[in-house]
Amino acid sequence: MFGAHGTGDTSGYGGLVRTPAATGSSERPYGSYFDDVADDLERAYPGFSDAIERVVVDRGELTLHVKREKLVEVSKILRDSLKFEMCMGVSGIHYPEQSGRELHAVYPLLSITNNRRIRLEVSVPEVDAHIPSVVEVWAGNNWHERETFDMFGIIFDGHPGLTRILMPDDWQGHPQRKDYALGGIPVEYKGATIPAPDDRRSYR
Amino acid sequence: MTTFIDPYSSSRETTEGTVFSVTGGDWNELVTEIGATKEERIVVNMGPQHPSTHGVLRLVLELEGETVTEVRCGIGYLHTGIEKNIEYRNWTQGVTFVTRMDYLSPLFNETAYCLATEKLLGITNDVPERASAIRVLMMELNRISSHMVALGTGALELGAITPMFFAFRERERVLDIFEMISGLRMNMAYIRPGGVQQDLPEGATQKIRETVKEMRKAFKDNATLLIGNSIWMKRTVGIGYLDLAGCTTLGITGPVLRSTGLPWDLRKTQPYCGYENYDFDVVTTDTCDVYGRFLIRMNELEQSLRIIEQACDKIDKLAGAPVMVADKKIAWPAQLALGGDGLGNSLDHIREIMGTSMESLIHHFKLVTEGFRVPAGQVYAAVESPRGELGAHIVSDGGTRPYRMHFREPSFNNLQSTSAMCEGSMVADIIGAVASIDPVMGGVDR
């Protein structure tokens with residue numbers, strides 16, 4: 001749990017940057033209702049093996065890694081045949097180390113009919129950050145996609161009005177990317193200077 | 001020579017037409033001036049500083065006479081970058097950030113965050129039962145205080161001032177209980193990964209039981225004032241209509257979804273914190289309108305009181321049981337005691353780490369400064385907040401700080417339905433419709 005790895009520097013100044021490990025795909029049986037979901041999707045969607053890159057079951061949650069070209073197709077099947085009526089938005093993640101797939105978009109889905117949850121994940125390169133919009137499938141993803149565009153710069157093709165939503169319209173950059181500094185100014189307190197959170201010593 | 005423009009009441013020509021600036025004062029002049037123009041279509045900017053928009057919500061309305069033809073929401077005025085900030089703090093400090101998102105339901109934010117963190121740590125089943133019962137108790141108290149603001153301000157915005165007084169009176173009682181238990185009335189950071197920050201003080205459940213009795217009586221005040229009141233009915237029945245198909249496609253949850261007759265409540269359907277052991281009903285109506293949502297909130301108060309009473313029984317039965325996971329590598333070393341200068345680490349604990357055990361001191365120091373590591377992976381944990389499904393999507397890279405945290409905020413999502421609810425209705429009905437969504441801008445903008 002504790003302890004430094006690698007250089008053994010425990011001062012907090014070493015900048016021991018950790019790279020998140022990509023989890024491999026899971027093997028059948030997945031357990032719980034995940035096998036049913038995978039079976040149903042394979043039956044309803046003949047292009048399953050082509051569209052789904054990986055199936056990951058981790059901590060009791062199922063993640064389907066979908067190719068971006070097939071996202072809308074798969075979404076429609078999931079909504080209509082597998083009864084995932086609701087999409088709980090989209091959350092971006094930036095992994096600068098995963099070259100070629102730096103930006104991920106994660107869609108948590110909810111089926112009210114079957115009381116099930118799964119997750120779709122799409123990864124795209126930073127230089128070509130385009131993902132087809134699923135607003136035509138789940139209209140409620142409109143604002144969520146605008147937020148992810150605002151924060152990560154992922155462009156959702158086919159979105160009815162992809163503009164910034166939380167940051168001002170003329171803002172430069174996408175704040176939630178890892179190369180976007182948090183910013184802040186040092187604070188002086190009783191004679192001592194406390195650096196901004198970005199520059200504070202920290203254990204990574 | 002420059003022409004003088006009166007900043008308080010003026011009109012100017014732009015490429016989009018004449019723009020009128022409206023502030024306080026006499027509107028007669030303005031009304032005559034607008035009447036003189038041939039335009040039937042007016043675009044009105046409402047907010048972000050407007051008493052009826054629930055905080056800093058901006059609504060851009062397109063009107064034909066008094067009928068609303070188009071509504072657009074402008075949000076982001078309260079964006080504070082909490083999701084970014086949290087990537088620079090350790091996992092325990094994260095609680096103090098998420099509690100400030102939706103400021104009317106801080107304990108739900110904390111619980112969602114902690115449930116997700118515990119799932120990442122793989123300690124979901126190790127959280128002590130007493131801690132879960134305290135979480136349920138606190139959440140249900142919070143649901144009451146949140147619904148009280150929804151009902152009180154909702155009524156106030158529609159012109160009824162007394163319900164607001166009654167609602168805030170009851171909310172005060174709940175905040176007093178929060179203060180007694182956590183020391184703070186809002187933004188408590190009371191629920192922590194692995195349990196809760198500290199145990200209930202002496203006599204807390206007794207005090208809560210008394211308060212529950214008083215509240216049960218006092219809730220009737222608002223019910224008698226509003227239910228069946230002809231003005232209230234005219235302002236709410238059939239207003240802000242959104243049916244089940246609309247709700248599912250827009251991802252709407254919470255009271256708005258339940259007002260379509262669908263009993264979807266995560267506490268029943270996907271229980272967490274031991275909700276499956278409590279006896280309560282999911283309240284629904286089938287009117288799909290503002291009145292239905294108002295009734296749901298009114299009746300959910302009673303269900304929350306029922307849960308609170310059961311939680312008190314459970315907590316009393318588990319007297320002396322721990323409120324934090326046993327794993328000392330995760331449990332925050334907070335053996336708190338009330339000293340002469342307020343609440344702080346107990347002198348016994350200080351004596352132990354400073355005087356007797358070097359290892360304890362090192363452990364305390366490492367846990368507080370560095371924090372615990374969380375295995376890499378991603379999870380999504382959802383709770384039923386007063387406004388609907390509040391989901392925490394958290395990614396860990398195996399370090400001492402969240403790699404990415406995103407909150408699926410019900411206010412943010414539900415506010416999208418404003419257009420669907422209001423287009424085609426009268427201007428005055430927008431207020432009621434937005435109030436029935438009960439958006440909290442702290443949660444919307446984060």
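- The heading Sequence similarities (unreviewed entry) in the UniProt record of chain B holds the text "Belongs to the complex I 49 kDa subunit family."

- Annotation of chain A in UniProt includes, under Sequence similarities (unreviewed entry), the sentence "Belongs to the complex I 30 kDa subunit family."

**Some details on the packing of helix H6 (residues 162-182) of chain B against helix H7 (residues 204-226) of chain B**
Residues and elements named next belong to chain B.
Step number 1: At a minimum axis distance of 9 Å, the contact between H6 and H7 shows a crossing angle of 170°. Considering the angle they form, H6 stands roughly antiparallel to H7. From H6, Thr162, Pro163, Phe166, Ala167, Arg169, Glu170, Arg173, Val174, Ile177, Met180 and Ile181 reach across to H7, where they touch Ala204, Lys207, Ile208, Thr211, Glu214, Met215, Ala218, Phe219, Asp221, Asn222, Leu225 and Leu226.
Step number 2: Tallied by class, the residues present in the contact of H6 with H7 amount to 14 nonpolar, 3 polar and 6 charged.

**What to know about the packing of aromatic side chains**
Step number 1: All chains considered together, the criterion is met by 8 aromatic pairs over all chains.
Step number 2: When the ring of Tyr95 of chain A is compared with that of Tyr403 of chain B, the centres are 5.4 Å apart and the planes differ by 15°; the resulting orientation is stacked. Here Tyr403 of chain B lies in the loop between strand S11 (388-396) and strand S12 (404-408) and Tyr95 of chain A lies in the loop between strand S4 (91-94) and strand S5 (103-111), a pairing that spans two chains.
Step number 3: Judged by relative accessible area, which is 9%, Tyr95 of chain A ranks as buried.
Step number 4: Residue classification places Tyr403 of chain B among the buried residues on the basis of a relative accessible area of 8%.
Step number 5: Ring centres 5.2 Å apart and planes at 75° place the aromatic pair Tyr272 of chain B and Tyr275 of chain B in the edge-to-face group.
Step number 6: An aromatic cluster is present here, built from Tyr272, Tyr275, Tyr278 and Phe280 of chain B joined pairwise through their rings.
Step number 7: The positively charged end of Lys268 of chain B is found above the aromatic ring belonging to Phe280 of chain B, 4.1 Å away from the centroid.
Step number 8: The cationic tip of Lys314 of chain B hangs over the ring face of Tyr278 of chain B; the distance from NZ or CZ to the ring centre is 4.5 Å.

**Brief notes about the interface of chain A and chain B**
Step number 1: Each partner contributes residues to the interface: chain A has 56 residues there, and chain B has 60 residues.
Step number 2: Where chain A meets chain B, there are 4 salt bridges.
Step number 3: Where chain A meets chain B, there are 27 residue pairs in polar contact (both at pLDDT 80 or more).
Step number 4: Considering every element that reaches the side of chain A that touches chain B, the biggest residue donor is helix H4 (residues 141-152) of chain A, with 6 residues.
Step number 5: Among the residues making up the side of chain A that touches chain B, the classes are represented as 28 nonpolar, 12 polar and 16 charged.

**Concerning the sheet that holds strand S4 (residues 58-64) of chain B**
Residue and element names in this part refer to chain B.
Step number 1: Taken together, 3 strands build an open sheet; the order of strands is S3-S4-S5 and the sheet is antiparallel. In the strand order of this sheet, the two ends are held by strand S3 (41-46) and strand S5 (67-74), each with one partner. Between one strand axis and the next, the sheet turns by 20° as a mean value, whatever way the strands run.
Step number 2: As paired strands, S4 and S5 are joined by 7 bridges and run antiparallel to one another. Bridge assignment links Val60 to a residue of S5, and that residue is Arg72.

**Regarding the nonpolar core**
Step number 1: The biggest cluster of nonpolar side chains holds 160 residues, and the ones touching the most others in it are Tyr107 of chain A together with Ile75, Tyr113 and Tyr190 of chain B.
Step number 2: The dominant element in this core, judged by the number of residues it contributes, is helix H5 (residues 129-157) of chain B, at 12 residues.
Step number 3: Residue contributions to this core reach at least three from each of two domains, namely domain 1 (9-74) and domain 2 (85-328 + 372-445) of chain B.
Step number 4: By size, the runner-up hydrophobic cluster in this structure holds 5 residues, among which are Ile93 and Val106 of chain A together with Val395 and Tyr403 of chain B.

**Observations concerning the domain arrangement of chain B**
All names here are of chain B.
Step number 1: Taken domain by domain, chain B consists of domain 1 (9-74), domain 2 (85-328 + 372-445) and domain 3 (336-369).
Step number 2: Put simply, the middle of domain 2 and the middle of domain 3, counted by C-alpha atoms, are 34 Å apart.
Step number 3: Taken together, the contact between domain 2 and domain 3 spans 5 residues of the former and 6 residues of the latter.
Step number 4: Carbon and sulfur atoms supply 48% of the area that domain 2 and domain 3 bury against each other, a total of about 360 Å² over both sides.
Step number 5: The interface formed by domain 2 and domain 3 contains 0 salt bridges.
Step number 6: Linking domain 2 with domain 3 are 1 residue pair in polar contact (both at pLDDT 80 or more), by the criterion used here.
Step number 7: Split into classes, the residues belonging to the side of domain 2 that touches domain 3 amount to 1 nonpolar, 3 polar and 1 charged.

Rules used in this analysis
- Residues numbered from 1 in each chain as written.
- Chains lettered and ligands numbered in written order.
- Predicted model: local features only at pLDDT ≥ 70, side-chain atom pairs only at ≥ 80, totals over all residues.
- Heavy atoms only, no water.
- UniProt positions renumbered as here; feature names shortened; annotations may be inferred.
- Axes fitted to C-alpha atoms, helices over the stretch in contact; angles between N-to-C directions.
- Helix = DSSP H or I, 4+ residues; strand = E, 2+ residues; numbered from the N terminus.
- Parallel < 35°, antiparallel > 145°, perpendicular 65-115°, else oblique.
- Contact = heavy atoms within 4.5 Å.
- Nonpolar A, V, L, I, M, F, W, Y, C, P; charged D, E, K, R; others polar.
- Phe/Tyr/Trp six-rings, centres within 6.5 Å; stacked < 30°, edge-to-face > 60°.
- Buried < 20%, exposed > 50% of the residue type's maximum accessible area, 1.4 Å probe, protein only.
- Lys NZ or Arg CZ within 6 Å of the ring centre and 35° of its normal.
- Salt bridge = Lys/Arg side-chain N within 4 Å of Asp/Glu carboxyl O.
- Polar contact = N/O pair within 3.5 Å; in protein donor to acceptor, adjacent residues only side chain to side chain.
- Pairing = 2+ DSSP bridges.
- Core = buried A, V, L, I, M, F, W, Y, C linked by side-chain atoms within 4.5 Å.
- Domains from an automatic or database assignment.
- Buried area = accessible area lost by both parts, 1.4 Å probe.

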